[in-house]
Amino acid sequence: MKNNKLRSDFLEAVELVNDYTKPLPADLLLKLYAYYKIANKNYNNPGSKTPLINAFKANALIQAKNISREEAMELYIRLVKKEIINKQ
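My aim in this report is to walk through the structure given alongside it, one point at a time. Bear in mind the structure is a predicted one, so any value in this text is a computation, not a measurement. (Residues numbered from 1 in each chain as written. Predicted model: local features only at pLDDT ≥ 70, side-chain atom pairs only at ≥ 80, totals over all residues. Heavy atoms only, no water.)

1. Observations concerning the environment of Leu 16
Next up, step 1: With respect to the secondary-structure elements, Leu 16 resides in helix H1 (residues 2-19).
Next up, step 2: Residues Leu 16 and Asn 44 lie 28 residues apart in sequence; the distance between their C-alpha atoms is 24 Å.
Next up, step 3: Non-local contacts of Leu 16, meaning those with residues more than four positions away in its chain, are made with Val 80, Ile 84 and Ile 85. (Helix = DSSP H or I, 4+ residues; strand = E, 2+ residues; numbered from the N terminus. Contact = heavy atoms within 4.5 Å.)

The structure is reproduced here in C-alpha cells:
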C-alpha cells in the first residue's frame, strides 16, 4: 500500500513539474532528471543532441547512482515540494 501511495505522489509531482511554466534553475532540473530516471528504472544514456547537456545529465546520474528507486521517488517529491510548491 505504501508503494502505491509513493508512486501516486511521485506521478503527481512529475505532472506538476511538467505543467510548471516558470523557468527553473539548471541544477534543480538536473537533480529532477536523475531522480526521475532512477525512479523509472531508465538507465539509457542521455539523448540530447548537445554533448555538453549529455555530460551534465550523465554527471547528475552518476551523483545519484547509489540511491534506490523508492528513494529517488521520495527525493523527487521532496525537491518539488521545496523548490516549486513552497515558492508559489
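2. Quick look at the packing of H1 against helix H4 (residues 69-83)
Next up, step 1: Packing of H1 against H4 brings their axes to within 9 Å, and their N-to-C directions diverge by 45°. Classified by the angle their axes make, H1 and H4 are oblique. Note that H1 runs across H4; the crossing there is left-handed. Contacts from Lys 2, Asn 3, Leu 6, Arg 7, Asp 9, Phe 10, Ala 13, Val 14, Leu 16 and Val 17 in H1 reach Arg 69, Glu 70, Met 73, Glu 74, Tyr 76, Ile 77 and Val 80 in H4.
Next up, step 2: Considering only residue class, the contact of H1 with H4 consists of 10 nonpolar, one polar and six charged. (Axes fitted to C-alpha atoms, helices over the stretch in contact; angles between N-to-C directions. Parallel < 35°, antiparallel > 145°, perpendicular 65-115°, else oblique. Left-handed = near helix turned anticlockwise from the far one by under 90°. Nonpolar A, V, L, I, M, F, W, Y, C, P; charged D, E, K, R; others polar.)

3. Quick notes on the packing of aromatic side chains
Next up, step 1: Following the criterion strictly, the structure yields two aromatic pairs and no others.
Next up, step 2: Each residue in the set Phe 10, Tyr 36 and Tyr 76 is aromatic and connected to the rest through ring pairs, giving one cluster. (Phe/Tyr/Trp six-rings, centres within 6.5 Å; stacked < 30°, edge-to-face > 60°.)

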